[in-house]
Amino acid sequence: MKSILACLVALLLALTLALPVAVFAQELVDTESAKAVLLTPLQSNVAIVAQNEDKALPVAGLAKLPAILTLALAFDEGIIAPDASMQVSKKASGIPGPTAFLDAGETAQAEALLKAAVMISAGDAIWTLGENAFGSEQVFLQNIQVVLQRLGLDLALTDCLGGGTLFTARDLLALGQAAAGSQSFLRFATRYMDELKHADGRQTELVNANRLVRFYAGCFGLLTGSAREEGYSGVFAVTKNEVSYVAVVIGASSSEDRFTAATRLFDYAYANCKQRALATAYEPLLKDYPVLYGDSNTVNLVPHETVVSLLQKQDGELGCTYELPETLLAPLAPSTGVGRAVYAYPNSAPLYVVELFPEFEVMSFGFMDILMRFFHDFMVG
């Protein structure tokens, strides 16, 4: 479990903490019959389009996303080996809903089961993986809850498949962003058609319910959920020209409405918005900044958060100024800020402010060390 948590920490650090600015969906994009929608950059919580994004709603099969994400993270960290043999229990074989047609007592390769879980949300495949990897249904559920807590989601699942749980669009956004950071999840989320081969020679055809994977350029997932009573929902991710967005659609009245709403959201984003990575957590913004009286003459300055600007295309480019002393004085600690990077339009108030920290600790010299350095600098000119 510790490895899954380490993976989640990395995912969370990748998410932007930029300023949230929500706009009303009905004023920008016709989202058909959807009860709630949310459109953001992949690595940000900034809402480009939002409608009822904080309203808890039923999401049909999308309630399985926490379980599938937990399993994918376990694959990422080597907790589940792709070639591991998994035995199907009687309970797993009887899970209702989308199915990989697993028989009680048969064995299947773990990787094949994850494929069925991601592509068609196969309940029998999810249950089999969880039981075998974590030892029991109860322990599997406990691991799912820990993943949710680490993502900051206050969701109390009563079973591993999320039955009866209500989700907000923001809940699904957080889950989708984490899934988009899992290589094991993405390996199968991009496939439209495949098959699962059973040990007895049977084959189960797998057809991804996310039609955008096939019909919208750049779509690489993520998951859908459908039910006549609860409506048609989905979490979708698209990348074009190295710019990525996530769209959440909840409760559309038909499958077609769901995909139409997501398509319109992405079309709006690519037509009207631009993204610029201003800062990436723990990557230097300034290199070799001068230091006095330390055991190093220079230090790189890094942010502790990722910041991506989200602007209308007609807006100009942001300028950057640094609020820093000309020379830093040792000692310096990585946990103590030494200045700020300020992003703003000319003659405008700051739009983004990023605190800067030393990349590593710089120890101060004693008095004799300072004299020796002064003498050395004098002698060498």
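So, here is what we can say about the structure in this document. (Residues numbered from 1 in each chain as written. Predicted model: local features only at pLDDT ≥ 70, side-chain atom pairs only at ≥ 80, totals over all residues. Heavy atoms only, no water.)

The next thing to look at is the overall build of the chain. Of regular secondary structure, the chain possesses eleven helices and 19 strands. Counted over contacts in the chain with a minimum sequence separation of 6, partners at least 24 positions apart contribute 65%. For the chain, the computed accessible surface area is about 17500 Å², with 53% contributed by carbon and sulfur atoms. (Helix = DSSP H or I, 4+ residues; strand = E, 2+ residues; numbered from the N terminus. Contact = heavy atoms within 4.5 Å. Areas by Shrake-Rupley, 256 points an atom, 1.4 Å probe, with all protein chains shown as cover.)

Two elements in contact, helix 2 (residues 65-76) and helix 5 (residues 123-134), have axes separated by 10 Å at closest approach and are oriented at 50°. On the basis of the axis angle, helix 2 is oblique to helix 5. Note that helix 2 runs across helix 5; the crossing there is left-handed. Between helix 2 and helix 5, the residues in contact are Ala67, Ile68, Thr70, Leu71, Ala74 and Phe75 and Ile126, Leu129, Gly130 and Phe134, respectively. Class assignment for the residues of the contact of helix 2 with helix 5 results in eight nonpolar, two polar and no charged. (Axes fitted to C-alpha atoms, helices over the stretch in contact; angles between N-to-C directions. Parallel < 35°, antiparallel > 145°, perpendicular 65-115°, else oblique. Left-handed = near helix turned anticlockwise from the far one by under 90°. Nonpolar A, V, L, I, M, F, W, Y, C, P; charged D, E, K, R; others polar.)

Another aspect to go through is the pairing of strand 9 (residues 219-227). The buried count for strand 9 comes to eight of nine residues, which makes it a mostly enclosed element. In terms of strand pairing, strand 9 meets strand 10 (residues 231-240) through seven bridges, oriented antiparallel. In the strand pairing of strand 10, Leu223 is matched with Val235. Hairpin geometry of strand 9 and strand 10 is characterised by an intervening segment of three residues between the two adjacent antiparallel strands. (Buried < 20%, exposed > 50% of the residue type's maximum accessible area, 1.4 Å probe, protein only. Pairing = 2+ DSSP bridges.)

This brings us to the layout of surface pockets. If you roll a probe as big as a water molecule over the atoms, it shows you where there is empty space left. What the largest pocket holds in volume is close to 550 Å³. Elements supplying a minimum of two residues to the lining of the largest pocket: helix 4 (110-120) and strand 9. Residues belonging to the lining of the largest pocket are distributed by class as follows: 17 nonpolar, twelve polar and three charged. (1 Å grid on protein atoms, 1.4 Å probe; cavity = no way out; pocket = protein on both sides within 12 Å on 5 of 7 lines; lining within 4 Å. Points joined across faces, edges and corners; volume = space filled by probe spheres on them.)

It is worth spelling out the side chain of Asn300 at this point. Within the secondary structure, Asn300 is located in strand 14 (residues 298-302). Overall, the relative accessible area of 15% leaves Asn300 in the buried class. Among the polar contacts listed, one links the side chain of Asn300 to the backbone nitrogen of Asp288, at a separation of 2.9 Å. Among residues more than four places away in sequence, those in contact with Asn300 are Pro284, Leu286, Lys287, Asp288, Phe357, Pro358, Glu359 and Phe360. (Polar contact = N/O pair within 3.5 Å; in protein donor to acceptor, adjacent residues only side chain to side chain.)

For the rest of this paragraph, the subject is the pattern of salt bridges. Counting across every chain of the model gives twelve salt bridges. In this structure, Arg264 and Asp30 form a salt bridge, with 3.2 Å as the shortest nitrogen-oxygen distance. In this pair, Arg264 sits in helix 10 (residues 255-272) while Asp30 sits in the loop between helix 1 (2-14) and strand 1 (36-41), placing the two residues 234 residues apart along the sequence. Given the relative accessible area of 31%, Arg264 is considered partly exposed. Residue Asp30 is classed as partly exposed on the basis of its relative accessible area of 48%. The residue Glu106 makes a salt bridge to Arg202 at a minimum N-O spacing of 3.2 Å. Taken together, the positions of Glu106 in the loop between helix 3 (90-93) and strand 5 (107-109) and Arg202 in the loop between strand 7 (193-197) and strand 8 (203-207) put the pair 96 residues apart, joining distant regions of the chain. For Arg202, a relative accessible area of 28% gives the class partly exposed. Here the salt bridges do not stand alone but share partners, grouping Asp103, Glu106, Asp200 and Arg202 into one network. (Salt bridge = Lys/Arg side-chain N within 4 Å of Asp/Glu carboxyl O.)

Let's shift gears to a nonpolar patch on the surface. A contiguous nonpolar surface patch, about 290 Å² in accessible area, is contributed by Leu292, Tyr293 and Leu329. For Leu329, the position within the fold is in strand 17 (residues 328-329). (Patch = residues over 30% accessible without salt bridge, like charges linked within 9 Å, V, L, I, M, F, W, Y side chains within 5 Å.)

Let us look at the packing of helix 5 against helix 6 (residues 137-150). Contact geometry of helix 5 with helix 6 gives a least axis separation of 8 Å together with a crossing angle of 95°. Taken together, the axes of helix 5 and helix 6 lie roughly perpendicular to each other. Taking contact as the criterion, the partners of Ile126, Trp127, Gly130 and Phe134 in helix 5 are, on helix 6, Glu137, Val139, Phe140 and Asn143.

Functional significance is not addressed by these values, which are geometric in nature.
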